[in-house]
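Inside the fold
Residue strings, one per chain:
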Amino acid sequence: AALLAARTSKLLTFAGCAGALALMTVISVAVGQIFHAVPASFTRGLPIDDYVAIASFLYFGVKSLLDARAIEEDNAGIAEEREDAEETLKAGGSELKGGWPLVIEAFTLTVVAEIGDRSQFATIALSAAGNPLGVCAGATAGHFLATGTAVIAGSYLSNYLSERGILILGGVLFLIFAFTTAFGIF
């Protein structure tokens, strides 16, 4: 989003990226609710959805912390991701696009980049274990805030953010989600 917005319209980039994330959030919440709706006869009365949510949060929390620990050169991953994104944008001729073609490209690039990422699984798990409307509203607001920040100041901020710090913060938040979900069950 940051690179595309730097080369094209910030508003159209935001519209495409935020629209993709909003759609993916709604789909993730729906998947979580389908999982939550598994009849008790199949689960023998156990809150399987909550157990899976806890396991998912623990997995992503520990994985994020281990990934942070394994980083040899801080921000090398951010630089590599930036290079990959720049190549993709050059290949697609994004500088020449405007209007609906730009919105569609931003939408498509965002969907492809975000399918199966940690935030999508977290949204599914939160929806399975919690209030789906609150999860949908919170996740959508969070995605809009992150996308807006990326569009407005993403390339500037990427010079000052620590990849290791982001992974540690994310890992700690996932662990907090795991413990609060577990506390709600027991």
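So, here is what we can say about the structure in this document. (Residues numbered from 1 in each chain as written. Predicted model: local features only at pLDDT ≥ 70, side-chain atom pairs only at ≥ 80, totals over all residues. Heavy atoms only, no water.)

**Let's talk about a nonpolar patch on the surface**
Rule in force here: For patch detection, residues must exceed 30% relative accessible area and be free of salt bridges, and they are connected within 9 Å for like charges or within 5 Å for nonpolar side chains (Val, Leu, Ile, Met, Phe, Trp, Tyr). With residues, only the protein chains shown are counted as cover, and all accessible areas are computed by Shrake-Rupley using a 1.4 Å probe. A carboxyl oxygen of Asp or Glu within 4 Å of a side-chain nitrogen of Lys or Arg is what we treat as a salt bridge. Strands here are runs of E lasting at least two residues and helices are runs of H or I lasting at least four, both read from the DSSP assignment and numbered beginning at the N terminus.
A surface patch of nonpolar side chains, about 600 Å² in accessible area, is lined by Phe35, Val38, Phe42, Leu46, Ile48, Tyr51 and Val52. When residues in the nonpolar patch are grouped by element, the largest group, 3 residues, is from helix α4 (residues 48–70). Residue position: Val38 is located in the loop between α2 (10–36) and α3 (40–43).

**Describing the packing of α4 against helix α7 (residues 118–129)**
Put simply, the rule reads: As a rule, the C-alpha atoms of each element are fitted with a line to give its axis, helices using only the stretch in contact, and angles between N-to-C directions run from 0 to 180 degrees. Should an angle lie under 35 degrees it is considered roughly parallel, over 145 roughly antiparallel, and from 65 to 115 roughly perpendicular; all remaining angles are considered oblique. Crossings are sorted by hand: turned counterclockwise from the far helix by less than a right angle, the near helix makes the crossing left-handed, and turned clockwise it makes it right-handed. Two residues form a contact once any of their heavy atoms are found within 4.5 Å.
Two elements in contact, α4 and α7, have axes whose closest approach is 8 Å; the angle formed by their N-to-C orientations is 150 degrees. By the angle class used here, α4 and α7 are roughly antiparallel. Judged by the twist between their axes, the crossing of α4 over α7 is left-handed. Between α4 and α7, the residues in contact are Asp49, Asp50, Ala53, Ser56, Phe57, Phe60, Lys63, Ser64 and Asp67 and Arg118, Phe121, Ala122, Ala125, Leu126, Ala128 and Ala129, respectively.

**So, the packing of aromatic side chains**
Selection rule: The criterion for an aromatic pair is that two Phe, Tyr or Trp rings (for Trp, the six-membered ring) have centres within 6.5 Å, with stacked assigned to planes under 30 degrees apart, edge-to-face to planes over 60 apart and tilted to the rest. With a 1.4 Å probe rolled over the protein chains alone, any residue whose accessible area is under 20% of its type maximum counts as buried; one over 50% counts as exposed, and the rest are partly exposed.
Across all of its chains, the model carries 6 aromatic pairs by this definition. Where Tyr59 meets Phe60, the ring centres are 5.2 Å apart and the plane angle is 65 degrees; that geometry is what we call edge-to-face. On the basis of an interplanar angle of 25 degrees and a centroid distance of 5.8 Å, the ring pair of Phe60 and Phe121 is categorised as stacked. One end of the pair, Phe60, is in helix α4; the other, Phe121, is in helix α7, and 61 residues separate them in sequence. Residue class for Phe60 comes out buried when judged on its relative accessible area of 13%. Clustering of aromatic rings is evident, with ring pairs tying together Phe57, Tyr59, Phe60, Phe121, Phe174 and Phe177.

**Brief notes about the environment of Glu114**
As for its placement among the helices and strands, Glu114 is situated in helix α6 (residues 99–114). Looking at Glu114, the relative accessible area reads 25%, which means it is partly exposed. For the pair Glu114 and Ala20, spaced 94 residues apart in sequence, the C-alpha to C-alpha distance is 9.2 Å.

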